[in-house]
There are 2 protein chains.
Amino acid sequence: MKKTKREIILKTAASLFRSKGYSATSMRDLAKAVGMEAASLYNHIKSKQEILAALLLDAANSFMDGMERIENEDIKPLEKIERLISLHIRIAVKNTDAISLLTQEWRHLEGEAYTEFNSKRKDYEKRFKNILIRGIESEEIKNVNPDVALFSILSTMRWFYAWYSKKDGFSIGELEQQFSDVLIVGLKN
Amino acid sequence: MKKTKREIILKTAASLFRSKGYSATSMRDLAKAVGMEAASLYNHIKSKQEILAALLLDAANSFMDGMERIENEDIKPLEKIERLISLHIRIAVKNTDAISLLTQEWRHLEGEAYTEFNSKRKDYEKRFKNILIRGIESEEIKNVNPDVALFSILSTMRWFYAWYSKKDGFSIGELEQQFSDVLIVGLKN
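Bear in mind the structure is a predicted one, so any value in this text is a computation, not a measurement. (Residues numbered from 1 in each chain as written. Chains lettered and ligands numbered in written order. Predicted model: local features only at pLDDT ≥ 70, side-chain atom pairs only at ≥ 80, totals over all residues. Heavy atoms only, no water.)

Colleague: Quick question: what am I supposed to make of the domain arrangement of chain A here?
Modeller: A common way to state how big an interface is: give the accessible area lost once the parts meet. Residues and elements named next belong to chain A. Taken as a whole, chain A is organised into domain 1 (1-45) and domain 2 (48-185). In this structure, domain 1 and domain 2 have C-alpha centres spaced 27 Å apart. Counting residues at the interface gives 15 residues for domain 1, matched by 16 residues for domain 2. Across the interface of domain 1 and domain 2, roughly 1,400 Å² is buried in total on both sides, 63% from carbon and sulfur atoms. Contact with domain 2 buries area across many residues of domain 1, yet Phe17, Arg18 and Tyr22 alone supply 48% of it, more than any other trio. Our count for the domain 1 to domain 2 interface comes out at two salt bridges. Arginine 6 serves as the salt-bridge partner of glutamate 50, at 3.0 Å between the closest nitrogen and oxygen. Where domain 1 touches domain 2, the interface holds eight residue pairs in polar contact (both at pLDDT 80 or more). (Domains from an automatic or database assignment. Contact = heavy atoms within 4.5 Å. Buried area = accessible area lost by both parts, 1.4 Å probe. Salt bridge = Lys/Arg side-chain N within 4 Å of Asp/Glu carboxyl O. Polar contact = N/O pair within 3.5 Å; in protein donor to acceptor, adjacent residues only side chain to side chain.)

Colleague: So what exactly am I meant to see when it comes to the packing of helix H5 (residues 77-94) of chain B against helix H8 (residues 146-158) of chain B here?
Modeller: Helix-helix packing is characterised by the crossing angle of the two axes and by the distance between the axes. Residues and elements named next belong to chain B. Between H5 and H8, the least distance of the axes is 10 Å, while the angle of their chain directions is 20°. One element, H5, and the other, H8, form an angle in the roughly parallel class. Classified by chirality, the crossing of H8 by H5 is right-handed. Contacts between H5 and H8 involve Ile81, Ile85, His88 and Ile89 from the first element and Ile153, Leu154 and Met157 from the second. (Axes fitted to C-alpha atoms, helices over the stretch in contact; angles between N-to-C directions. Helix = DSSP H or I, 4+ residues; strand = E, 2+ residues; numbered from the N terminus. Parallel < 35°, antiparallel > 145°, perpendicular 65-115°, else oblique. Left-handed = near helix turned anticlockwise from the far one by under 90°.)

Colleague: I would appreciate a short explanation of the interface of chain A and chain B in the present structure.
Modeller: With 33 residues of chain A at the contact, the number on the chain B side is 33 residues. Roughly 3,300 Å² is buried in total at the junction of chain A and chain B, and carbon and sulfur atoms are behind 66% of that figure. Its largest share of buried area at the contact with chain B, chain A owes to A:Lys142, A:Phe151 and A:Leu187, together 23% of the area lost on that side. The interface formed by chain A and chain B contains two salt bridges. A salt bridge links B:Asp147 to A:Lys167, with the shortest nitrogen-to-oxygen separation between them at 3.9 Å. Scanning the region where chain A abuts chain B turns up 14 residue pairs in polar contact (both at pLDDT 80 or more). For the side of chain A that touches chain B, the elements supplying multiple residues, two or more each, are helix H8 (146-158), helix H9 (160-166) and helix H10 (172-185) of chain A. Sort the elements by how many residues they give to the side of chain A that touches chain B and H8(A) lands first, with eight residues.

Colleague: It is not clear to me how the packing of aromatic side chains should be interpreted in this structure. Could you clarify?
Modeller: One pair of aromatic rings is described through two measures. These are the centre distance and the angle between the planes. Applying the stated criterion across every chain, the model contains 27 aromatic pairs over all chains. Ring geometry for A:Trp159 versus A:Tyr161: centroids 6.1 Å apart, planes at 35°, classification tilted. Accessibility classification places A:Trp159 together with A:Tyr161 in one group, the buried group. Taken together, A:Phe151, B:Phe160, B:Trp163, B:Tyr164, B:Phe170 and B:Phe179 form an aromatic cluster joined through their ring pairs. One cation-aromatic arrangement involves A:Lys48 over A:Tyr22; the distance from NZ or CZ to the ring centre is 4.4 Å. The cationic tip of A:Arg121 hangs over the ring face of A:Trp106; the distance from NZ or CZ to the ring centre is 4.6 Å. (Phe/Tyr/Trp six-rings, centres within 6.5 Å; stacked < 30°, edge-to-face > 60°. Buried < 20%, exposed > 50% of the residue type's maximum accessible area, 1.4 Å probe, protein only. Lys NZ or Arg CZ within 6 Å of the ring centre and 35° of its normal.)

Colleague: What's the story with the relation of the copies chain A and chain B in this structure? I'm lost.
Modeller: Copy one and copy two of the chain differ by a rotation about a common axis and a shift along it. Superposing chain A onto chain B takes a rotation of 180° combined with a translation of 0.0 Å along the rotation axis, leaving an RMSD of 0.0 Å. A rotation of that kind, with that shift, is consistent with a two-fold axis. In terms of C-alpha distance to the rotation axis, chain A has A:Gly186 as its closest residue, with the C-alpha 1.8 Å off the axis. Both copies share a contact surface, since 100% of the interface residues of chain A are interface residues in chain B too. (Least-squares fit on C-alpha atoms with pLDDT ≥ 70 in both.)

Colleague: It is not clear to me how the environment of B:Lys80 should be interpreted in this structure. Could you clarify?
Modeller: Residue and element names in this part refer to chain B. Position of lysine 80 among the secondary structure elements: in helix H5. With a relative accessible area of 10%, lysine 80 lands in the buried category. C-alpha of lysine 80 to C-alpha of methionine 67: the two residues are 13 residues apart in sequence and 9.1 Å apart in space. Once you skip the residues sitting within four places of it in the chain, lysine 80 turns out to touch Ile70, Glu71, Glu73, Ile75 and Ile131.

Colleague: For this particular structure, what's the right way to read helix H5 (residues 77-94) of chain A?
Modeller: Side chains that are three or four residues apart share a direction in an α-helix, a result of its 3.6 residues per turn. Residues and elements named next belong to chain A. Taking 1.5 Å per residue, 18 residues should reach 26 Å; H5 reaches 26 Å between its end C-alpha atoms and fits that length. All of the buried residues along H5 are Pro77, Leu78, Lys80, Ile81, Leu84, Ile85, Ser86, Leu87, His88, Ile89, Ile91 and Ala92. Check the buried side of H5 and you find it contacts helix H4 (48-71), helix H6 (96-100), helix H7 (111-137), H8, H9 and H10. (Expected span 1.5 Å × (residues − 1).)

In structure tokens, the structure reads:
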């Protein structure tokens, strides 16, 4: 029961942080949105910072778990890139509010949470780039600049949540197909 | 002479808005950074809002002028997309600080400046999308979802300034080539 309450608090906080920003959201706003007294909120959660850290490290762990799984699959690099694009889409569709915090609000993380988040982010990007490099080496991927390719995919995927929030009627399968088309196959016929 | 002073003020403000954010930058900070008394700053500029509007509308106009020129060129849609990618790269390399404001700080625009900026942004995106659609219709461009293609190119180009600020040693020609490769030709060999 206590766990469920905590989950509701985290979900509501993600939505408030997204719409008002982390700095402008108070514990009082959060208590009101959850329908609790501010005092009882503190039975479940110590601080706004604890909430931000929980939301962002959960998101980071979803990406790290996905990367681990995809790295270990016995498929070629380009198919791994496709799976990673799907991973981004699926996580963003499922946790749109929490994922929105990955673009800006993560800057408000403090101390160890900041360090852990940043180290996971860098590790993720390094492993993603390594898959691109292996694909280029095996000539499955064109001889592009891997930094430019990584940056293009991650910029698109980072803002996908905002684009998706304004669109209707796409299934996950269609989204995966359309983003793979554009990001992997390119525009040139 | 007065115009040059105004230019120095705008350039310095762009750099402060980028590093501290628009909200956190005071006219006092700006006066100090320019090396003027706050009182004499007001001989050149009425308000922080006037500066933000000047910076963002200048940037918007550079994109609109580029779009106008490229639309009127007698070249195929895919080559127009290439020219638009170059346009983004050239503007961002030349005015990195001002361009950084296009990602977040534009939200602080008020009144008519906000309306004008948003209407230019929408018009630009609509015209960009029309070029993509014409390319798809003539089968020069693959049958991708034009909204997804537009979003992918613009997300990458919007954050190009941040990527570029951390990189060294690329010429403009190399940047144009590498981003065209990734965004137009794709990864798949």
